[in-house]
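Each chain is listed here by its residues.
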Amino acid sequence: MTSYKNPYLDELDTGVFVRYNYRANDEADNRKLALALENGDPLVYFQGIRPGVFVAYYPVYAVKNDLDAGQFVIAMDESMRFFGDPLHMTIDERRYAERTVRARLHQPLFRARVMNAYSTTCAVCTLKHADLLDAAHIIPDFDMGGFATTTNGMALCKIHHAAFDRNLLGITPDYEVRIDQNLLDEIDGPMLRHGLQDMHGRNLHIPTRVIDRPSRDALALRFAEFNA
Ligand SMILES: [Zn+2]
């Protein structure tokens, strides 16, 4: 378990293995991890995102006891148990691991953070049904570099996410919603009228915490694409 206050977050975003410090006052915990390593037992890893709220990853595996560093090395995917030496990966192993970790860690973590920041509410229409909401990236996360931050995300319902990704819906750097002119001119049923056209000119519903709000620079980049 890693607390939400712990700087492990960054290591998770870009790293491949989680390095889990020996618990200072909990010998039993260390012993159990050593045993799990010996037996190859699956573990559940809980990562805190705010007090009392965790993202759970499973199964994960202890793959190495790094005595010098006083840490257990935890593989976040079963396949990574079979790497030659987790501390000295080959280029291929690292490439594979990075892709795997990104798929398994980045997305759930990103979603949890974004949903938390937006109180599970679509930033465009304020729909609050979790099953119909996505954590949308403003700049697509083509690479690994630090993109699991809420400033590069927004909670959007499925239709507004798809419309945003296809530049049918734009968001100005001042947090105002714009709908593509062709869509505004179209005539169709209530989904088009209420779900899309009525959103034109609305203010974005943004997180209360300033540090969680969408990056204006990222929005400006995307809005230029929308205008184009
Ligand atoms: Zn919506």
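Residues numbered from 1 in each chain as written. Predicted model: local features only at pLDDT ≥ 70, side-chain atom pairs only at ≥ 80, totals over all residues. Heavy atoms only, no water.

With respect to helix α7 (residues 216–227)
Phase 1: Across its 12 residues, α7 extends 16 Å between first and last C-alpha, which sits within 8% of the 16 Å expected from 1.5 Å per residue.
Phase 2: For α7, the set of buried residues is A218, L219, R222, F223 and F226. End-on view of α7: buried residues confined to an arc of 130 degrees, all on one side of the axis. The outward face of α7, more than 90 degrees from its buried face, is lined by the exposed residues D217, L221 and N227.
Phase 3: Check the buried side of α7 and you find it contacts β5 (133–137), α4 (158–165), β7 (169–171) and β8 (177–179). (Helix = DSSP H or I, 4+ residues; strand = E, 2+ residues; numbered from the N terminus. Expected span 1.5 Å × (residues − 1). Buried < 20%, exposed > 50% of the residue type's maximum accessible area, 1.4 Å probe, protein only. Arc of directions from axis to C-beta. Contact = heavy atoms within 4.5 Å.)

Considering the sheet that holds strand β2 (residues 43–50)
Phase 1: Overall, antiparallel pairing links the 4 strands, which are arranged β1-β4-β3-β2 in an open sheet. In the strand order of this sheet, the two ends are held by β1 (17–21) and β2, each with one partner. Here the average twist between neighbouring strands, direction ignored, is 45 degrees.
Phase 2: Where β2 and strand β3 (residues 53–66) come together, 6 bridges link them in antiparallel fashion. Across the sheet, Y45 pairs through a bridge with Y57, a residue of β3.
Phase 3: Across the sheet, helix α3 (residues 91–117) touches β2 and β3, and the angle it forms with β3 is around 150 degrees. (Pairing = 2+ DSSP bridges. Axes fitted to C-alpha atoms, helices over the stretch in contact; angles between N-to-C directions.)

Some words on the nonpolar core
Phase 1: Core analysis: the largest hydrophobic core is formed by 30 residues, its most contacted members being V124, M154, L156, L169, I171 and L204.
Phase 2: Looking at this core, the elements that each hand over two or more residues are α3, β5, β6 (153–157), α4, β7, β8, α6 (190–196) and α7.
Phase 3: Excluding residues within four positions of it along the chain, V124 makes contact with L156, H160, L169, I171, V177, M199, R202 and L204.
Phase 4: Residues Y61, V63, M89 and A97 belong to the second largest nonpolar core, which totals 25 residues. (Core = buried A, V, L, I, M, F, W, Y, C linked by side-chain atoms within 4.5 Å.)

Some words on a nonpolar patch on the surface
Phase 1: A grouping of M1, V44, F46, F54 and Y58 is seen on the molecular surface, where their side chains present a nonpolar patch of about 500 Å² in accessible area.
Phase 2: Put simply, the parts of the chain that give the nonpolar patch at least two residues each are β2 and β3.
Phase 3: Here M1 is to be found in the segment before α1 (8–14).
Phase 4: Residue class for M1 comes out exposed when judged on its relative accessible area of 51%. (Patch = residues over 30% accessible without salt bridge, like charges linked within 9 Å, V, L, I, M, F, W, Y side chains within 5 Å. Areas by Shrake-Rupley, 256 points an atom, 1.4 Å probe, with all protein chains shown as cover. Salt bridge = Lys/Arg side-chain N within 4 Å of Asp/Glu carboxyl O.)

Some thoughts on the coordination of the zinc ion
Phase 1: Only C122 (SG), C125 (SG), C157 (SG) and H160 (ND1) from the protein reach the zinc ion as donors, at distances of 2.1 to 2.3 Å.
Phase 2: Around the zinc ion sit 4 donor atoms, and with donor-metal-donor angles ranging over 91 to 118 degrees the site reads as tetrahedral.
Phase 3: Within one chain, the residues serving as donors to the zinc ion are arranged as C-x2-C-x31-C-x2-H.
Phase 4: Judged by relative accessible area, which is 0%, C122 ranks as buried.
Phase 5: Overall, C125 belongs to the partly exposed group, its relative accessible area being 22%. (Donors = N, O, S within 2.8 Å, 3.2 Å for Na, K, Ca; no water. Tetrahedral: all angles 85-135°; square planar, octahedral: opposite > 155°, others 65-115°.)

Some points on the pattern of salt bridges
Phase 1: One pass over the full model with this rule turns up 8 salt bridges.
Phase 2: Residue D85 pairs with K64 through a salt bridge whose shortest N-O separation is 3.5 Å. Separated by 21 residues along the polypeptide, D85 in the loop between β4 (71–75) and α3 and K64 in strand β3 bring together distant segments of the chain.
Phase 3: Residue classification places K64 among the partly exposed residues on the basis of a relative accessible area of 29%.

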